[in-house]
Amino acid sequence: MSADQSPKIVIVDESPVRAAILEEGLREAGFTEVVHIREMQSLLARIYAVDPDIILIDLENPSRDVLEAMFQVSRAVKRPIAMFVDQSDSASIQASVEAGVSAYIVDGLKKERIKPILDLCVSRFNAFAKLQEELERTKSQLEDRKIIEKAKGILMKIKGLTEDEAYVLLRSTAMREKKKIGEIAQSIITASEMLK
Amino acid sequence: MTGPLRIGFIPLVDAAALIVAVDKGFAAAEGLEVELVREVSWSNVRDKLNIGLFDAAHLLAPVAIASSLGLGHVKVPIAAPFNLGINGNAITVSPALHAALMEEIDGDRFDPLATARALAKVVASRRKLGAEPLTFGMTFPFSTHNYQLRFWMAAAGVDPDEDVRLVVLPPPYMVDSLRSGHVDAFCVGAPWNSIAVDLGVGHILHFVSDILARAAEKVLAVRQVWADKNPDVVAALVRAAVRAAEFIESPENLSEAAQILAQPERLGVDAEVIQRSLTGRLKISPEGTVRESGRYLLVGREGAGRPDPVQAAWLYAQMVRWGQTALSTEALKTAMAVFRPDLYDAALGHSGEGQASAPVGAFAGPAFDPEDIAGYLTSFAVSRRAP
């Protein structure tokens, strides 16, 4: 690889969405040679076939240990591959581990060339985590709403309340017991099922 | 200290003393608040321990040594004040390879030299037929599994780098890989061997205790600087682990211990399968043959919890034998210093005097002498030792 050529980057990630987010970011930053590997079977063979300069892998992936075997003496490896992070770079490793991504590079690639790639990785992984968090929150809000509806129905039937009265009762109980309204609603559902 | 201790582990039976220490309240009794964090790879455990995201970890003994020597990764000195397990691995082979080995075997099928010689014959005949070399799965380049497989096959002249393929596989993928034919055999800890047998896709060929009478497997690892700064926490952790190991090793507690480990957020597998590993009574063939060994996995008994620097030296010798590092007196000293019987003794208020090392007890080669690793290694014909 000559100095001005774009390094070949492999993304190993079983999450297609996260990989797409990362790949897009890399392409926008001018790294055009990006390959995404999703299939973990024969991972090393696939990596050798692509012959990348940099490998990015998410930390939820058990196959990370498979990559560690690349550093070992083996006839299968044409070029020695070394961990990106050297002794002096503990801030980078900290940031990447916390973001949930790890980078491996081919020995000899200049550090200045890798730093922006790793930074981009960290920010895209963090962005993805945030996205997922929001999704989870929305999901649980939706879930809560369903439970509250059901609990309201039960209260209306058993206590002869109107919908508004049932909701007020749920909310005031939640406030008094310092619990979420969803939790109170769930306990009503559980109790009514037990009493059936 | 602020907040609970964060301790990483991989869902394997040899994390038992750690998990039981926390879940049965032995850690709390020592005044420790612990959050156990389940991890998916040894690389993650190592890195999170190294950068301080974990205070302590269930770690492969060779990774603790490699980390202290800076092999394969960043150099971070590790201290191991407690040995979480002795032995506990097994070699499982596919039904096809098992049949081929039994066809060729001359002698006791539980004698590792006999099976290794049979393997040599199978390897030779496959080569004659132009078949692909056999593939063996193991868990990590710096792992007991890697060294145990190599030690075993090399005893009969099978070169682990030339005659077969050794590949790293995460433990949860082992069984599927054996089923799909991606590997022909693997060496891994419990419960994966039993799961392969139960699914009918594997035969347990050896307990590693057939190969080595006593092999340090996992350690409770902390950063050395952290241990220096928090001696009281280290001592409390050791005591909690010792109590937990005693609990697990009492036959009347076995089923409770297995239940604790079986929890979904811990190992997440059937308690009965876990109990087999703890008792050393394992189903070894899909047909239901049961084999029992008092040495299958030692969690605390026979002094298993006390780290033995001779074990560290043996593991270091394997790294040298297989070309992962060059032999040096300095590195040997560093490796041995990772295992800390002094911290163990201090925690329990023992003097440590009169504590002799139990021999490694390998089935091949001379008795291991940490004073003469060069001499020890010259006795092995198959070796990748750097010139």
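Residues numbered from 1 in each chain as written. Chains lettered and ligands numbered in written order. Predicted model: local features only at pLDDT ≥ 70, side-chain atom pairs only at ≥ 80, totals over all residues.

1. Quick notes on the overall build of chain A
Where we set the bar: The secondary structure listing takes helices from DSSP runs of H or I that are at least 4 residues long and strands from runs of E that are at least 2 residues long, numbered from the N terminus. Burial is judged by counting the other C-beta atoms within 10 Å of a residue's own C-beta: 20 or more makes it buried, 12 or fewer makes it exposed, and any count in between marks it as partly exposed, with every C-beta position built from the backbone. Any residue pair is listed as a contact if its two C-beta atoms, each placed from the backbone, are within 7 Å.
Along its length, chain A carries seven helices and five strands. In chain A, the order of α-helices and β-strands from amino to carboxyl end is β-α-β-α-β-α-β-α-β-α-α-α. In chain A, which comprises 196 residues, the share counted as buried stands at 30%. Taking the intrachain contacts of chain A between residues at least 6 apart in sequence as the baseline, contacts between residues at least 24 apart amount to 62%.

2. Quick notes on the overall build of chain B
What counts is decided by this rule: It is over C-alpha atoms that the radius of gyration is taken, and the globule rule equals 2.2 Å times the number of residues to the power 0.38.
A tally of helices and strands in chain B yields 18 helices and 13 strands. Here the C-alpha atoms of chain B give a radius of gyration of 20 Å, agreeing with the 21 Å that 2.2 N^0.38 yields for 387 residues. Overall, chain B is about 65 × 45 × 35 Å in size when its C-alpha atoms are taken along their principal axes. Going through the 387 residues of chain B one by one, you find that 56% of them count as buried.

3. A look at the sheet that holds strand β2 (residues 34-38) of chain B
Residues and elements named next belong to chain B. Formally: Each pair of strands is called paired provided DSSP finds at least two bridges between the two strands. To obtain each axis, a line is fitted to C-alpha atoms, and for helices this fit is confined to the stretch in contact; angles are then taken between N-to-C directions over 0 to 180 degrees.
Judged by pairing direction, the sheet is mixed, and its six strands sit side by side in the order β2-β1-β3-β10-β4-β13 without closing on themselves. Every interior strand has two partners, whereas the edge strands, β2 and β13 (297-298), have only one. This element, helix α12 (residues 231-249), spans β3 (56-60), β4 (78-87) and β10 (216-223) of the sheet and lies at about 5 degrees to β4.

4. A look at the pairing of strand β9 (residues 203-207) of chain B
All names here are of chain B. Judged by how many residues are buried, β9 sits mostly within the fold: five of five residues are covered. One ladder, built from four bridges, connects strand β5 (residues 89-93) with β9; its direction is antiparallel. Considered in β9, the bridge of Thr92 is made with Ile204.

5. Things to note about the pairing of β10 of chain B
Residue and element names in this part refer to chain B. Burial analysis of β10 places eight of its eight residues in the buried class, the great majority of the element. The sheet contact formed by β3 and β10 spans five bridges and is antiparallel. Across the sheet, residue His58 finds its bridge partner in β10, namely Leu220. Looking at chain direction, β4 and β10 are connected through six bridges and run antiparallel. Bridge assignment links Ala79 to a residue of β10, and that residue is Val222.

6. Some points on the environment of Gly375 of chain B
Along the chain, Gly375 of chain B falls in helix α18 (residues 373-378). Linking Gly375 of chain B and Ala236 of chain B, residues 139 residues apart in sequence, is a C-alpha distance of 40 Å.

7. Description of the sheet that holds β9 of chain B
All names here are of chain B. Ordered in space as β7-β6-β8-β5-β9, the five strands form an open sheet in which the pairing is mixed. If you trace the sheet from one side to the other, it starts and ends with β7 (165-168) and β9, each paired once. On average, each strand axis in the sheet is inclined to that of its neighbour by 25 degrees, with strand direction left out of account. Of the strand pairs in this sheet, strand β6 (residues 135-138) and β7 are connected by four bridges, and their pairing is parallel. Note on β7: the bridge partner recorded for Thr135 is Arg165.

8. Observations concerning unusual backbone geometry
A cis amide bond links Ala190 of chain B with the next residue in sequence, Pro191 of chain B, at an omega value of 10 degrees. Inspection of the secondary structure assignment puts Pro191 of chain B in the loop between β8 (185-189) and α9 (192-198). Positive phi, close to 55 degrees, is recorded for Ser42 of chain A, a residue that is not glycine. With respect to the secondary-structure elements, Ser42 of chain A resides in the loop between β2 (34-37) and α2 (43-50). The backbone of Lys178 of chain A shows a phi angle near 55 degrees, a positive value even though the residue is not glycine. With respect to the secondary-structure elements, Lys178 of chain A resides in the loop between α6 (163-176) and α7 (181-194).

9. Here we look at the interface of chain A and chain B
Filter applied, for reference: Note on residue categories: nonpolar means Ala, Val, Leu, Ile, Met, Phe, Trp, Tyr, Cys or Pro, charged means Asp, Glu, Lys or Arg, and polar means any other residue, Gly included.
Contacts between the two partners involve 20 residues from chain A, matched on the other side by 25 residues from chain B. The set of elements that each furnish at least two residues to the side of chain A that touches chain B consists of α3 (64-68) and α4 (90-99) of chain A. Grouping the constituent residues of the side of chain A that touches chain B by class yields ten nonpolar, six polar and four charged.

10. Things to note about the nonpolar core
Threshold: Nonpolar cores are built from buried Ala, Val, Leu, Ile, Met, Phe, Trp, Tyr and Cys residues. These are joined into a set through C-beta atoms within 7 Å.
Core analysis: the largest hydrophobic core is formed by 171 residues, its most contacted members being Ala17, Leu18, Ala221 and Ala241 of chain B. Element by element, the count of residues in this core is highest for α12 of chain B, at ten residues. Those residues in contact with Ala221 of chain B, other than ones at most four positions away along the chain, are Leu49, Ala56, Ala57, Leu59, Ala64, Ile78 and Ala80 of chain B. Listed in part, the seven residues of the second largest apolar core include Ile148, Ala166, Ala185 and Ile188 of chain A.

11. Here's the deal with α6 of chain A
Put simply, the rule is: Expected span of a helix: the number of residues minus one, times 1.5 Å.
Its 14 residues place the ends of α6 of chain A 20 Å apart at the C-alpha level, agreeing with the 20 Å of an ideal helix rising 1.5 Å per residue. Following α6 of chain A by one or two positions, Lys178 of chain A has its phi on the positive side, about 55 degrees.

12. Looking at the confidence of the model for chain A
All names here are of chain A. Put simply, the rule is: Scored from 0 to 100, pLDDT reflects the predictor's confidence in each residue.
Put simply, chain A has an average pLDDT of 84, and 86% of its residues get 70 or more. Element-level pLDDT for chain A is lowest in strand β4 (residues 81-83), with a mean of 52, against a maximum mean of 94 in β2. Overall, residues 74-78 carries pLDDT values under 50, and its contacts beyond four positions in sequence, including any with other chains, amount to two contacts.

13. Regarding the packing of helix α13 (residues 254-262) of chain B against helix α14 (residues 271-279) of chain B
Residues and elements named next belong to chain B. Note the cut-off: By definition in this entry, angles of less than 35 degrees are roughly parallel, angles greater than 145 are roughly antiparallel, angles of 65 to 115 are roughly perpendicular, and the rest are oblique. For any helix crossing, the convention is left-handed if the near helix is rotated counterclockwise from the far helix by under a right angle, and right-handed if that rotation is clockwise.
The N-to-C vectors of α13 and α14 enclose an angle of 125 degrees; their axes lie 8 Å apart at closest approach. Classified by the interaxial angle, the pair formed by α13 and α14 is oblique. Two packed elements cross with a definite hand, and for α13 against α14 that hand is right-handed. Contacts between α13 and α14 involve Leu254, Ser255, Ala257, Ala258, Gln259, Leu261 and Ala262 on the former and, on the latter, Ala271, Ile274, Gln275, Leu278 and Thr279.

14. A look at the packing of α6 of chain A against α7 of chain A
All names here are of chain A. Viewed as axis vectors pointing N to C, α6 and α7 meet at an angle of 115 degrees, and their least axial separation amounts to 8 Å. With respect to α7, the axis of α6 lies roughly perpendicular. Read as a crossing pair, α6 and α7 show a hand that is right-handed. Taken together, the residues of α7 that come into contact with α6 (itself represented by Leu170, Arg171, Thr173 and Ala174) are Ile181, Ile184 and Ala185. For the contact of α6 with α7, the residue count by class is five nonpolar, one polar and one charged.

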